[in-house]
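Close look at the chain arrangement
So the chains spell out like this:
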Amino acid sequence: MFQAAYRTLQAAVAIATVLFVISRSVRSPRRFGLFRFRWRDILYGLGLYVLCMGAYYAFWIAVGLIMKLLGAGGLSRATLGGIATPQTAAQYAVLALLSLVNGAAEELVMRAYLLTRFEQLFRSTAAAILLSAALFAAYHSYQGYVGLVTVALIGLIYGMCFARWRRIWPLILAHAFQDFVSIAMLALSR
Amino acid sequence: METVQHVVGVVVLSQRWLTAAGAARGWKTRRMSGRWSSMSVEQSPMRVCGREEPRKAVWVETGFVLLACVVPLIFVSVARRQPAPEAA
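Residues numbered from 1 in each chain as written. Chains lettered and ligands numbered in written order. Predicted model: local features only at pLDDT ≥ 70, side-chain atom pairs only at ≥ 80, totals over all residues.

What about the overall build of chain B?
For clarity, the threshold we go by: Comment: elements are numbered from the N terminus, with helices defined as DSSP H or I runs of at least four residues and strands as E runs of at least two. Counting other C-beta atoms within 10 Å of a residue's own tells you its class, since 20 or more makes it buried, 12 or fewer makes it exposed, and anything in between is partly exposed; those C-beta atoms are placed from the backbone. A pair of residues counts as a contact when their C-beta atoms, built from backbone coordinates, are separated by no more than 7 Å.
Within chain B, the secondary structure is distributed over four helices and zero strands. Listed by position from the N terminus, the elements making up chain B come as α-α-α-α. Counting every position in chain B, which comprises 88 residues, the buried fraction comes to 14%. The contacts in chain B between residues at least 6 apart in sequence include a share of 69% that link residues at least 24 apart.

Structure (structure tokens):
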């Protein structure tokens, strides 16, 4: 419970910091992808989640096949051993809330704010997407090399979708689905 | 304790960095001018001329967000990484 409260507070601080900085900008919040929520965003979020899962499986199946052809050793799984998993219905509800808050914090910082600013500073959308995906992967390095590459891949897809849609809600929802399903599956597999 | 340090760190950093970002934008602050600026953001020459924000201000502000929100997470992530099992 303490871990959940600590992570929620951390996410809330990040959300407050970015919203405060955006509110000070002469640019409209819409330039940072901050639009009012639409129900359609849930569909976009689900679609993005499915796309990421498809890319994840396609990428690692391809890597596995190449390694098999080359006679290299197998891949180690992502390290998620230190993550507390839910047991009761109430804990699953907390996990859902935590996933949403964490998704909002990470997407607001990495895509809404940093990707937009990197684009402005480097005058290149591709460079902005690459840099934000690299930073996104860097703070997931505790998941090991497999986790690092997977998160970088997901970061690239999220960045490309943000550059295309310019709306943050679908990304927040896709990220929340991703976190919730991964941890719920981890709990069920234990 | 760690949480309190994080929150205090962000508040202190935001005070310093955002003052620097504001100064780079050309806004007067209470510390610099001794009173609140008489010019609102909407009235500032940058807004009237329809120009973009000065790059220096954007660099400072982006640096602040990186330091406050991303760099601590990278350090925590590296610290959390489980060490590789020692060779037998």
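Details of the overall build of chain A
For clarity, the threshold we go by: Restricting the calculation to C-alpha atoms gives the radius of gyration, and the globule rule supplies 2.2 Å times the number of residues raised to the power 0.38.
Secondary structure assignment for chain A yields six helices and zero strands. Secondary structure of chain A in N-to-C order comes out as α-α-α-α-α-α. Relative to the globule expectation of 16 Å for 190 residues, the C-alpha radius of gyration of chain A, 17 Å, shows essentially globular dimensions. With the C-alpha coordinates aligned to their principal axes, the bounding extent of chain A is approximately 55 × 40 × 30 Å. Going through the 190 residues of chain A one by one, you find that 35% of them count as buried. In chain A, 76% of the contacts between residues at least 6 apart in sequence involve partners at least 24 apart.

Here's the deal with the packing of helix α3 (residues 89–122) of chain A against helix α4 (residues 125–138) of chain A
To describe two helices that pack against each other, one gives the angle between their axes and the distance between the axes. Residue and element names in this part refer to chain A. So the rule is basically this: In this analysis an axis means a line fitted to C-alpha atoms, helices contributing only their contacting stretch, and an angle means the value between N-to-C directions, from 0 to 180 degrees. Put simply, angles under 35 degrees are roughly parallel, angles over 145 are roughly antiparallel, angles from 65 to 115 are roughly perpendicular, and the rest are oblique. Note: crossing handedness is left-handed where the near helix turns anticlockwise from the far helix by less than a right angle, and right-handed where it turns clockwise. We call Asp, Glu, Lys and Arg charged. Ala, Val, Leu, Ile, Met, Phe, Trp, Tyr, Cys and Pro are nonpolar, and the rest, Gly among them, are polar.
Relative to each other, α3 and α4 sit at 135 degrees, their axes nearing to 8 Å. Taken together, α3 and α4 sit at an angle that is classed as oblique. The interaxial crossing formed by α3 with α4 has right-handed handedness. Here M110, R111, L114, L115, F118, E119 and F122 of α3 come into contact with α4, specifically with T125, A127, A128, I129, L131, S132, L135 and F136. The residue makeup of the contact of α3 with α4, split by class, is eleven nonpolar, two polar and two charged.

As for the packing of helix α2 (residues 40–70) of chain A against helix α5 (residues 144–165) of chain A
All names here are of chain A. Packing of α2 against α5 brings their axes to within 10 Å, and their N-to-C directions diverge by 140 degrees. Classified by the interaxial angle, the pair formed by α2 and α5 is oblique. Crossing of α2 against α5: the hand is right-handed. Between α2, through L48, L51, C52, A55, Y56 and F59, and α5, the contact on the second element is made entirely by T150, L153, I154, I157 and C161. Each residue belonging to the contact of α2 with α5 can be placed in one class, and the counts come to ten nonpolar, one polar and no charged.

Some remarks on the nonpolar core
Stated precisely, the cut-off is as follows: Note on terminology: a nonpolar core is any set of buried Ala, Val, Leu, Ile, Met, Phe, Trp, Tyr and Cys residues joined through C-beta atoms within 7 Å.
Counting residues in hydrophobic clusters, the biggest one holds 47 residues, and the most contacted among them are A:V18, A:L108, A:V109, A:Y113, A:L114, A:L171 and B:V65. Only α1 (2–24), α2, α3, α4, α5 and α6 (169–189) of chain A together with α4 (55–80) of chain B provide two or more residues apiece to this core. It is α3(A) that contributes the most residues to this core, twelve residues altogether. Ignoring anything within four residues of it in the chain, the contact list for A:L171 reads A:L48, A:E107, A:R111, A:Y158, A:C161 and A:F162.

Regarding the confidence of the model for chain A
What counts, and what does not: In predicted models, pLDDT denotes the confidence assigned by the predictor to each residue on a 0 to 100 scale.
Residue-level pLDDT values for chain A average 87, and 93% of them are 70 or greater. Element-level pLDDT for chain A is lowest in α1(A), with a mean of 85, against a maximum mean of 95 in α4(A).

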